[in-house]
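Inside the fold
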Amino acid sequence: MIVNGKPWIIDDDLSRRWPLYTRGNVGEVFPDVASPLAWSLLGGACESGWREAWREFGIIAPGDFDKERVLVCIAGGYCYLNMSYIRLLGVRVPGSSVKAVDKQFLGEVHAPPYMERPGDRNLLCSLKLLWQTERTLRTRRPKVIDAMRQRSAAWVDAYPGDDAPDQALLDYVGRYPAEHEYLFGRHVLVTFRATVAVGVIGALCALKVRDPGLTLDLLSGIEGVESAEPARIMWKLGRMVAASSVLTRVFETGVDAKTWETLQGMPEAREFTAEFGSFLARYGYRGPNEWELASESWRMRPHVPLKAIDRMRLSEDDRAPGADFEAQLLNSRQAARYARRKLNPLDRLKFRKALPAAKIWQAAREESKSAVIRAVDQTRRALNELARRTAERHGIGDWQGAYMLTWSEFPAYRQDPRAYAELIAERRRTHQMLADRIPPFLFEGDVPALETWKPRVGGDEVQGQKGDILEGIGGSPGRVVGRARIVLDTANPDVLEPGDILVAPITDPSWTPLFLAAAGVVVDVGAVMSHSVIVSRDLGIPCVVSVTDATRVIPDGALIEIDGDTGTVTILSTALLAA
């Protein structure tokens, strides 16, 4: 359904002054088609929060923006970042470059050349950015994380309850955009402090040490990556299953939506259910596409983490997360000693500040994300309760159809949901049409016609052949050979066996448990600050990102070698390997 020339009801007006858009990085935050209810409620808060963060950091100059939404928008149903404006980091940040910024956000994807315009360079911005960079490198305890945790916890505690009156729930949801503006804005601020710190290390390695790949070794062995913590707990639960013949029999029958209920009714599973229940209480707010209000978190679909646990129970004990942390730490220290020997005294001083800061801010980025998602999930809880009540009162079974409406349409829908049935059905068809295609990773000007988007399934692509070498970006060091397993959805990880190489379109924190069963990770898109890179480094497994169309080119079951140092994937055999 095309509305006002736009494929999706919530598509934003695109900037003519800043015309280059990318899915880089934001594809991990919003991997799927955005729901009208979520974006109409929170899209403006995302933009204003981002602007405030960058204004504080010193990136934004007076006159950069008109009234249009620029930095983060929906195009063709998918979320995009404005790469034209992000490139100003390479112009206004002293010592940076557009090429370096492109590398961090786009990976190996070719982009139109940067053309400088009047106003791009701004001395006041550069001076403030210089001060902010120095402040970032000197930070050893980001106070913003404590503030975000407190704000998020206060929002969760303010939830009026599932039995609260409708108006209390509506008021709660209506107040959330202001909270989201703060939390999302702080997350953006933390993210770009991490970007700056990592960028300083990358520039020193490339320009001074003359060894760009050294950055991977330096940034391994990061402690306290919060998005990896649920996977560690699930690993322990997987060990409990592997050690129990009773639990093993349950999991061997297959994990489905009834498995959690079955386990809760088994006296022999009391210890497991207590531990898993505690896990859900602590991390149930996480899940696939967790920034999207319409998505279902783990607390709503406990069989999803149970499926991940099912994969982990099959792994050997030496695959435990953190098993080779000391080796990673030693490797990082050796790389740091090597770098210091190659640097002059002034650069060595900068390096001594930047290396710990890069690790601290990368871990902080994951913590800030968790704070936002906790608040998002509690808001989701209120919206779901309102939608369920509406469906029950009017005798309709489809309460989730409410997410196909905008926030301005929601009040009238609650009064007469049947009047919106045809509109909801039509939008669902459009939603599915967009979901069935892969949005362009990068475009300039108008979003390309939908007919040019590649289908997710089928199409006329040619799969790779034996001997083909696919190039990407090395995200986590190491080399491994294994069977490629194409996994497109965390809800269906059954094909992944211990020792396999996970090949995914993009990852977010809900994918982390699958990393524990994998010997390595390959991702279609991504850059040096991607989720897959950070978690792979934390777990000590090789990772290559920005391998264009890896999920379509690499045959499922093929024998491949990935090299996280050089950023290459080699197809050794296309003969499908038996499970």
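Our subject is the structure listed above.
Residues numbered from 1 in each chain as written. Predicted model: local features only at pLDDT ≥ 70, side-chain atom pairs only at ≥ 80, totals over all residues. Heavy atoms only, no water.

1. Thoughts on the nonpolar core
Among soluble globular proteins, nonpolar side chains are generally buried collectively. As a reminder, the rule being used: What is meant by a nonpolar core is a set of buried Ala, Val, Leu, Ile, Met, Phe, Trp, Tyr and Cys residues, joined one to another through side-chain atoms within 4.5 Å. Categorising residues by exposure relies on relative accessible area from a 1.4 Å probe, with only protein chains included: less than 20% of the type maximum marks a residue as buried, more than 50% marks it as exposed, and the intermediate range marks it as partly exposed. Strands are runs of DSSP state E lasting at least 2 residues, helices are runs of H or I lasting at least 4, and numbering of each runs from the N terminus. Contacts were defined at the residue level, with two residues in contact if any of their heavy atoms lie within 4.5 Å.
The biggest cluster of nonpolar side chains holds 163 residues, and the ones touching the most others in it are Trp54 and Leu263. Here the element with the most residues in this core is helix 8 (residues 166-209); it accounts for 20 residues. If we skip the residues at most four places from it in the chain, leucine 263 touches Leu247, Val250, Phe251, Ala269, Phe272, Thr273 and Leu306. In this structure, Ala484, Ala519, Val553 and Ile571 belong to the second largest nonpolar core, which totals 18 residues.

2. Let's talk about the packing of helix 6 (residues 123-138) against helix 16 (residues 345-393)
What counts is decided by this rule: All axes here are fitted lines through C-alpha atoms, helices being fitted over the stretch that makes contact, and every angle between N-to-C directions spans 0 to 180 degrees. With respect to orientation, any angle under 35 degrees is reported as roughly parallel, any angle over 145 as roughly antiparallel, any angle of 65 to 115 as roughly perpendicular, and every other angle as oblique. When residues are grouped by polarity, Ala, Val, Leu, Ile, Met, Phe, Trp, Tyr, Cys and Pro land in nonpolar, Asp, Glu, Lys and Arg in charged, and all others, Gly among them, in polar.
Viewed as axis vectors pointing N to C, helix 6 and helix 16 meet at an angle of 80 degrees, and their least axial separation amounts to 7 Å. Between helix 6 and helix 16, the interaxial angle falls into the category roughly perpendicular. Taking contact as the criterion, the partners of Glu134, Thr136, Leu137 and Arg138 in helix 6 are, on helix 16, Lys353, Ala354, Ala357 and Trp361. A breakdown of the residues in the contact of helix 6 with helix 16 according to their chemical character gives 4 nonpolar, 1 polar and 3 charged.

3. Let's talk about the state of the cysteines
Formally: Our working definition of a disulfide is a cysteine sulfur pair at a distance within 2.5 Å.
Within the structure shown, the criterion is met by 0 disulfides. There is no disulfide at cysteine 73, and the cysteine sulfur nearest it, in cysteine 79, is 6.9 Å away. With relative accessibility at 0%, the residue cysteine 73 sits in the buried group.

4. Comments concerning the packing of helix 7 (residues 143-157) against helix 16
Each pair of packed helices can be described by the angle between their axes along with the distance between the axes. Stated formally: Should the near helix be turned anticlockwise from the far one by less than a right angle, the crossing is left-handed, and should it be turned clockwise, the crossing is right-handed.
Running from N to C, helix 7 and helix 16 cross one another at 10 degrees; their axes reach a closest spacing of 9 Å. One way to sum up the angle between helix 7 and helix 16 is to call them roughly parallel. For the element pair helix 7 and helix 16, the recorded crossing hand is left-handed. In this structure, helix 7 uses Val144, Ile145, Met148, Arg149, Ser152, Trp155 and Val156 to contact helix 16, whose residues at the interface are Trp361, Ala364, Glu367, Ser368, Ala371, Val372, Arg374, Ala375, Gln378 and Thr379. When grouped by side-chain class, the residues that make up the contact of helix 7 with helix 16 number 10 nonpolar, 4 polar and 3 charged.

5. A few points about the sheet that holds strand 13 (residues 559-563)
This is how it is decided: The pairing criterion is simple: DSSP has to find at least two bridges between the two strands.
One open sheet holds the 8 strands; their spatial order is 7-14-13-9-10-11-12-8, and the pairing between them is mixed. Single-partner strands in this sheet number two, and they are strand 7 (469-471) and strand 8 (473-476). Strand-to-strand twist in this sheet, taken as the mean axis angle between neighbours without regard to direction, amounts to 30 degrees. Relative to strand 14 (residues 568-573), strand 13 is paired through 5 bridges, and the arrangement is antiparallel. Looking at strand 14, one finds that aspartate 563 is bridged to threonine 568.

6. Observations concerning the side chain of histidine 531
Along the chain, the position of histidine 531 falls in helix 20 (residues 531-539). Judged by relative accessible area, histidine 531 falls into the buried class, the value being 0%. Beyond its immediate stretch of four places on either side in the chain, histidine 531 contacts Glu28, Ser227, Glu366, Thr507, Asp508, Pro509, Thr512 and Phe515.

7. What about helix 14 (residues 303-312)?
Within helix 14, 10 of the 10 residues are buried, leaving the element largely enclosed by the surrounding structure. Of all the positions in helix 14, only His303, Val304, Pro305, Leu306, Lys307, Ala308, Ile309, Asp310, Arg311 and Met312 are classed as buried. Looking at the buried positions of helix 14, the neighbouring elements they touch are helix 10 (229-243), helix 11 (245-252), helix 12 (259-264), helix 13 (270-283) and helix 19 (512-517).

8. Details of the packing of aromatic side chains
Going by this rule: When the centres of two rings from Phe, Tyr and Trp lie within 6.5 Å, Trp using its six-membered ring, the rings pair. Their planes under 30 degrees apart give stacked, over 60 give edge-to-face, and anything left gives tilted. Lysine NZ or arginine CZ positioned within 6 Å of the ring centre and within 35 degrees of the ring normal marks a charge as sitting over the ring.
What the rule picks out here adds up to 27 aromatic pairs. Between the aromatic rings of phenylalanine 65 and tyrosine 85, the centroid separation amounts to 4.8 Å while the plane-to-plane angle is 40 degrees, which identifies the pairing as tilted. Remark: tyrosine 85 occurs in helix 3 (residues 83-86) and phenylalanine 65 occurs in the loop between helix 2 (36-57) and strand 2 (72-75); sequence separation between them is 20 residues. On the basis of relative accessible area, phenylalanine 65 is assigned to the buried category, the value being 14%. Residue tyrosine 85 is classed as buried on the basis of its relative accessible area of 0%. Consider the rings of tyrosine 283 and tyrosine 285, whose centres lie 6.4 Å apart with planes at 40 degrees: the pair is tilted. For tyrosine 283, a relative accessible area of 3% translates into the label buried. Counting every residue linked through ring pairs, the aromatic cluster contains Trp18, Phe30, Trp39, Trp50, Trp54, Phe65, Tyr85, Phe105, Phe184, Phe192 and Trp291. Positioned above the aromatic ring of tyrosine 80, the side-chain terminus of arginine 23 is 6.0 Å from the ring centre. Looking at arginine 239, its charged tip hangs above the ring of tryptophan 235, at a distance of 4.6 Å from the centre.

9. Here's the deal with the pattern of salt bridges
Selection rule: The working definition used for a salt bridge is a side-chain nitrogen of Lys or Arg within 4 Å of a carboxyl oxygen of Asp or Glu.
Under the criterion given, the structure shown has 39 salt bridges. The closest approach of N and O atoms between arginine 51 and glutamate 47, which form a salt bridge, is 2.8 Å. Remark: glutamate 47 and arginine 51 occur in helix 2; sequence separation between them is 4 residues, near one turn of the helix. Overall, the relative accessible area of 15% leaves arginine 51 in the buried class. On the accessibility criterion, glutamate 47 (5% relative accessible area) is buried. Between arginine 151 and glutamate 179 there is a salt bridge; the shortest N-O distance is 2.8 Å. One end of the pair, arginine 151, is in helix 7; the other, glutamate 179, is in helix 8, and 28 residues separate them in sequence. For arginine 151, a relative accessible area of 30% gives the class partly exposed. The exposure class of glutamate 179 is buried, given its relative accessible area of 17%. Here the salt bridges share partners, and the residues they tie into one network are Asp166, Glu385, Arg389, Arg393 and Arg414.

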